[in-house]
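# Analysis of the macromolecular model
Okay, here's what each chain looks like letter by letter:
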Amino acid sequence: MCDYSLHNVQSRSAKIGDKLTTRNFGFGTRGFAAPEDAGMAVCLLPGTELAFSQEPACAASGVLGWGAKTINHKTAIFRQVNKDRPHVHHDALEFPDGETILLTELREGQEATVLQLPAQPATAAERAPRERVAYIG
């Protein structure tokens, strides 16, 4: 249920009310860590709604640290992107203005609360867009 690069990390599913923290898990990937264990990744289903404690910030890129930015929203919906590309990051956050940021681009140490989990799909047509990318070893 977590991004492909976190398959070797202990993980659990998100629950409503979880207080999560962005963390670098040491594989070049940031994800959400469990409040009870910073080494445990918390995996979100596409459609999960989150509220950040403050406006989330993206990590700087480039040699001089250019590209750091703050997102001007505190809520986001978890999405999966690049599903047709198996060895790239898929976990992303969509903000109210439509901007989508890869989860691994967020700075470490940011706090978010799980507000709502997605409704369970009733039909195969509803289920298809929510399916996670399969792990390819």
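Residues numbered from 1 in each chain as written. Predicted model: local features only at pLDDT ≥ 70, side-chain atom pairs only at ≥ 80, totals over all residues. Heavy atoms only, no water.

Counting its regular elements, the chain contains one helix and eleven strands. Listing every helix and strand of the chain by position from the N terminus yields β-β-β-β-β-β-β-β-β-β-β-α. Long-range pairs, those at least 24 residues apart, make up 59% of the contacts in the chain between residues at least 6 apart in sequence. A total accessible area of about 7500 Å² is found for the chain, and carbon and sulfur atoms account for 50% of it. (Helix = DSSP H or I, 4+ residues; strand = E, 2+ residues; numbered from the N terminus. Contact = heavy atoms within 4.5 Å. Areas by Shrake-Rupley, 256 points an atom, 1.4 Å probe, with all protein chains shown as cover.)

Here we come to the nonpolar core. One finds F32, L44, F52, L93, F95 and L106 to be the most contacted residues of the largest nonpolar core, which totals 20 residues. Listed by contribution, the elements that provide at least two residues to this core are β3 (30-34), β4 (37-43), β5 (49-52), β8 (75-80) and β11 (111-116). Ignoring sequence-local partners within four residues, the contact set of L106 consists of T22, R30, F52, P56, A57, C58, A59, L93 and I101. (Core = buried A, V, L, I, M, F, W, Y, C linked by side-chain atoms within 4.5 Å. Buried < 20%, exposed > 50% of the residue type's maximum accessible area, 1.4 Å probe, protein only.)

Okay, the environment of R107 next. Mapped onto the elements of the fold, R107 is located in the loop between β10 (100-102) and β11. Take R107: its relative accessible area is 47%, and that puts it in the partly exposed class. Sequence separation between R107 and C58 is 49 residues, and the spatial gap between their C-alpha atoms is 5.2 Å. Each residue touching R107, except ones within four places of it in the same chain, is listed here: T22, R30, A57, C58 and A59.

Turning our attention to the side chain of Q110. Checked against the element boundaries, Q110 lands in the loop between β10 and β11. The exposure class assigned to Q110 is buried, which follows from its relative accessible area of 12%. Of note is the side chain of Q110, whose polar atom sits 2.8 Å from the backbone oxygen of R107. Apart from residues no more than four positions distant in its own chain, Q110 is found in contact with L20, T21, T22, E55, P56 and A57. (Polar contact = N/O pair within 3.5 Å; in protein donor to acceptor, adjacent residues only side chain to side chain.)

Two elements, β5 and β8, share three bridges in a ladder whose sense is antiparallel. Bridge pairing in β8 links L50 to A76. Where β5 lies against β11, four bridges are found, and the strand directions are antiparallel. Among the inter-strand pairings, A51 is bridged to a residue of β11, identified as T113. (Pairing = 2+ DSSP bridges.)

Let us now look at the sheet that holds strand β9 (residues 91-94). If you trace the nine strands from one edge of the open sheet to the other, you get β1-β4-β3-β2-β11-β5-β8-β9-β10, paired in mixed fashion. Both outer strands of the open sheet, β1 (11-13) and β10, are each paired with one neighbouring strand and no more. Geometrically, the sheet is characterised by an average inter-axis angle of 45° between neighbouring strands, direction not taken into account. (Axes fitted to C-alpha atoms, helices over the stretch in contact; angles between N-to-C directions.)

What follows is about the confidence of the model for the chain. Residues at a pLDDT of 70 or more form 80% of the chain, whose mean pLDDT is 82. When pLDDT is averaged over each element of the chain, β5 comes out on top at 97 and helix α1 (residues 124-127) at the bottom at 73. (pLDDT = per-residue confidence, 0-100.)

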